[in-house]
Amino acid sequence: MRMGTVAAVLAAMSLVTGCGAGSATESAPPTATTTAKPLPPTTPAPAVDHYAGAPLIDHVTWTQTDKGDQLQVIPTPAGRADTFPTAGDRAWSEVIAAEPSADTPGMHDQFFCHWVYARLVQPDKPSWNLEPWRPNVGYQATVAAQCNPGGAEE
C-alpha cells in the first residue's frame, strides 16, 4: 500500500471512535491476502527496538459471541507502544505460540489491522478481537472494514 493510501485510510479511521465502531464495510470486494503490513505514515521507524525481549502480548482468551468464536488478544504496555518495524511480526508470533489455531490468513490480517491502526485510533482498547468466522478478504479490505470484515465488531 502506498504511503498516500495509508495516510488516507488512517485519516478516515481516525474519524471513528475505535476500530470496529460504527458500521463496517460489508460490501468490500475480496482481494488476495497479502502479508504487507504498512507502518503508520507519521511515525518514523525507530532505529532500535526499545522493547526487545519484552513480551508484547499479555495473553489470549477464546470467548463466544452471537456470531461465533472470538480470540481476544490482550497486549502488554510494550505491545501498545512498540513501533519497531519487526515488532508486529514478533507480536503475531506470540499470539500463535499461545494459540496455534489462530494462524489463518484472515486472523493474521485482522491482527495486523489492529497492530497498525487500532493502536493509534483507540490505544487503550482492552483487547484486539480476532474472529475466525470473518471472511478472508485480504489486508486492504480488512483495513477498509475497520478490522472487521463481514460485519460490525462483536
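Going by the structure above, here's the rest.
What comes next concerns the included structure. Quick caveat, the model's predicted, so the values are computed rather than measured.

A count of helices and strands for the chain gives five helices and three strands. Its helices and strands in sequence order give the chain the pattern α-β-β-α-α-α-β-α, from N to C terminus. Nonlocal contacts in the chain, meaning residues at least 24 apart in sequence, comprise 72% of its contacts between residues at least 6 apart. Of the roughly 7300 Å² of accessible surface on the chain, a fraction of 58% belongs to carbon and sulfur atoms.

The next thing to look at is the pairing of strand β1 (residues 57–64). The pairing of β1 with strand β2 (residues 69–75) spans seven bridges and is classified as antiparallel. Its bridge partner lying in β2, I57 is registered against P75. Following β1, the chain reverses through four residues before pairing antiparallel with β2; G68 in that reversal takes a positive phi of roughly 145 degrees.

Quick look at the packing of helix α3 (residues 87–98) against helix α4 (residues 105–121) now. In helix packing, the relevant descriptors are the interaxial angle and the interaxial distance, both defined with respect to the helix axes. With their axes 11 Å apart at the nearest point, α3 and α4 run at an angle of 130 degrees to one another. Here α3 is positioned oblique relative to α4, judged by the angle of their axes. Crossing angle aside, the handedness with which α3 passes α4 is right-handed. Each of A87, G88, D89, A91, W92 and V95 in α3 lies in contact with α4, whose residues at this interface are M107, H108, F111, F112 and W115. Within the contact of α3 with α4, the residues separate by chemical class into eight nonpolar, two polar and one charged.

On the basis of which strands lie adjacent, the open sheet formed by three strands has the order β1-β2-β3 and antiparallel pairing. In this open sheet, the two edge strands, each paired with only one partner strand, are β1 and β3 (128–130). The mean angle between the axes of side-by-side strands here comes to 25 degrees, regardless of whether they run parallel or antiparallel. Contacts from α3 reach β1, β2 and β3, with the element oriented near 50 degrees to β1. Here α4 sits on the sheet and contacts β1, β2 and β3; the angle it forms with β3, its principal contact strand, is near 160 degrees.

Conventions and cut-offs
Residues numbered from 1 in each chain as written. Predicted model: local features only at pLDDT ≥ 70, side-chain atom pairs only at ≥ 80, totals over all residues. Heavy atoms only, no water. Helix = DSSP H or I, 4+ residues; strand = E, 2+ residues; numbered from the N terminus. Contact = heavy atoms within 4.5 Å. Areas by Shrake-Rupley, 256 points an atom, 1.4 Å probe, with all protein chains shown as cover. Pairing = 2+ DSSP bridges. Axes fitted to C-alpha atoms, helices over the stretch in contact; angles between N-to-C directions. Parallel < 35°, antiparallel > 145°, perpendicular 65-115°, else oblique. Left-handed = near helix turned anticlockwise from the far one by under 90°. Nonpolar A, V, L, I, M, F, W, Y, C, P; charged D, E, K, R; others polar.

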